[in-house]
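# Examining the three-dimensional arrangement
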Amino acid sequence: MIPLLSSAMSFQAASEQAYGASGEMIRLSGKVQSNGYERDAVLSAEPLSLEGSARRIRADDARGEGIEYGMMVGFSMKPAGIKHAQQRQYAVRSKTFQYEQLQQQGWIQVSLKRDWLLFLLSGERMKILADKVEVSEKGYAMGSKKFQAGRMSQMELLRLDTERQNASREYALAAMESEHAQLRLQEITMNKGALVIDDLAFSFIRDDNGTENRIDNAAVLGVFRGREEELNAEIDLLRRSRVERINLGVGMTQEPTQNSLDMKLTVPLVWNDRNEKKIAALMSERSALIAQREALKDKLRLRTYGALEHLAEREKRIKELRNNEKSYETLFHMAYKGFEGGVVPQFEYLAAKNAFYDARLRSVGLKNDYVEEMSTLEEKLGGVWK
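Note that the coordinates shown come from a computational prediction; the quantities given were computed from them, not determined experimentally.

Reading the values: rules and limits
- Residues numbered from 1 in each chain as written.
- Predicted model: local features only at pLDDT ≥ 70, side-chain atom pairs only at ≥ 80, totals over all residues.
- Heavy atoms only, no water.
- Core = buried A, V, L, I, M, F, W, Y, C linked by side-chain atoms within 4.5 Å.
- Buried < 20%, exposed > 50% of the residue type's maximum accessible area, 1.4 Å probe, protein only.
- Helix = DSSP H or I, 4+ residues; strand = E, 2+ residues; numbered from the N terminus.
- Contact = heavy atoms within 4.5 Å.
- Salt bridge = Lys/Arg side-chain N within 4 Å of Asp/Glu carboxyl O.
- Pairing = 2+ DSSP bridges.
- Axes fitted to C-alpha atoms, helices over the stretch in contact; angles between N-to-C directions.
- Phe/Tyr/Trp six-rings, centres within 6.5 Å; stacked < 30°, edge-to-face > 60°.

Counting 60 residues, the largest nonpolar core has Leu 112, Trp 116, Ile 197, Ile 205, Tyr 349, Tyr 370 and Leu 377 as its most contacted members. Elements with a contribution of two residues or more to this core: helix H1 (11-21), helix H3 (80-148), helix H4 (154-189), strand E4 (194-197), helix H7 (274-341) and helix H8 (346-381). Looking at this core element by element, the count peaks at 13 residues for H3. Filtering out sequence-adjacent residues up to four positions away, Ile 205 remains in contact with Leu 308, Leu 311, Tyr 370, Met 374, Leu 377 and Trp 385. Counting 7 residues, the second largest nonpolar core, distinct from the first, contains Leu 238, Ile 279, Leu 282 and Leu 289.

What follows is the structure in structure tokens.
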């Protein structure tokens, strides 16, 4: 079922490969890098300014008349508290992007795990249908001999032929679905050959002592925490911004009768309530964010425990069906032997055969449903269940 040109790797290695192929991960990496450059630009020294002046002077004494020339070099500097607050602001923003990266990585792993498990189950389905095709071929061959011996009617032989053709069509459809599942794996990892994950198999998940910890550390809640820290950093910056920068200047003035060395100091003061209004707005946004995060956490807890109950019920049904398969298998082998010996009617044989294979296929279908619901839960938590 898996092409010879395949790449076997661990789930973590396949995940790393998928990270590199993700457009969203590329965008977030660019945001982290851009944030670093923006931080360097904001914290870098302000450019120097050059100011020149000239004017005509008239005085009572002719010796004092002439042109006055002035030149001044100015520069700005930020208070240490402002620079520290800005450094923290960009550090926290970078941390928020990292939370988003972790969330995206978790979603990629969930998608990769789901597609791989569905591919494995499609292989199980193909194996069952291949077995069904083989049995149908044997049944048709047996019926042909009976028809030639006059022990079976043409209508009964046609019924066996129809069963054989239906089994072949089901197998062809299952093979196509399996191929599509493998193509999804190759697309998510951008793998050139068929992808094989050698350390990940279908397994059940259950409620354990780590469920609450998984909820607390859910990636989506981490993004909210990062945004809260970012708002705290913005509030701290505004509280320190009474004096945003100090402007200094050093220059010289030349007059007809004298030369002078000039100094200039400019301290802009923000004593109105503009910053207070901004701080109030950010604090209001932060309160809403915290309330939203707590509400989301409560919903996540409700969904998680509800999904675990559903998954436990699905696990029970899958195991019950597995036990029933043994009874269907025993009945089918008895019917096959009886049909071969001519003591079991064709209808009874076909019913036993179809019941056996339907039970096996139903078991695979229940596993598919289990994987889909498990993936939905893991997507909510932002990562695979470990």
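This brings us to the pattern of salt bridges. All chains considered together, the criterion is met by 29 salt bridges. Glu 234 is the salt-bridge partner of Arg 227, the closest N and O atoms lying 3.6 Å from each other. Arg 227 gets classed as partly exposed once you look at its relative accessible area, which sits at 26%. Owing to a relative accessible area of 18%, Glu 234 belongs among the buried residues under this scheme. For Glu 294, the salt bridge identified is with Arg 293, shortest N-O distance 3.4 Å. The exposure class of Glu 294 is partly exposed, given its relative accessible area of 35%.

It is worth spelling out the sheet that holds strand E2 (residues 49-57) at this point. Pairing is antiparallel across the open sheet formed by 4 strands, whose spatial order is E2-E3-E5-E6. Each of the sheet's edge strands pairs with one partner strand only, and the pair in question is E2 and strand E6 (259-266). Shown here is a sheet whose adjacent strand axes are inclined to one another by a mean of 20 degrees, direction ignored.

What follows deals with the packing of aromatic side chains. Within this structure, the stated rule accounts for 11 aromatic pairs. Between Phe 332 and Tyr 336, the ring centres sit 6.3 Å apart and the planes meet at 50 degrees, which makes this aromatic pair tilted. With Phe 332 and Tyr 336 both in helix H7, this residue pair falls 4 residues apart, about one helical turn. The exposure class of Phe 332 is buried, given its relative accessible area of 4%. The class of Tyr 336 is buried, set by a relative accessible area of 17%. Aromatic rings pair up to connect Phe 332, Tyr 336, Phe 339, Tyr 349, Phe 356 and Tyr 357 into one cluster.

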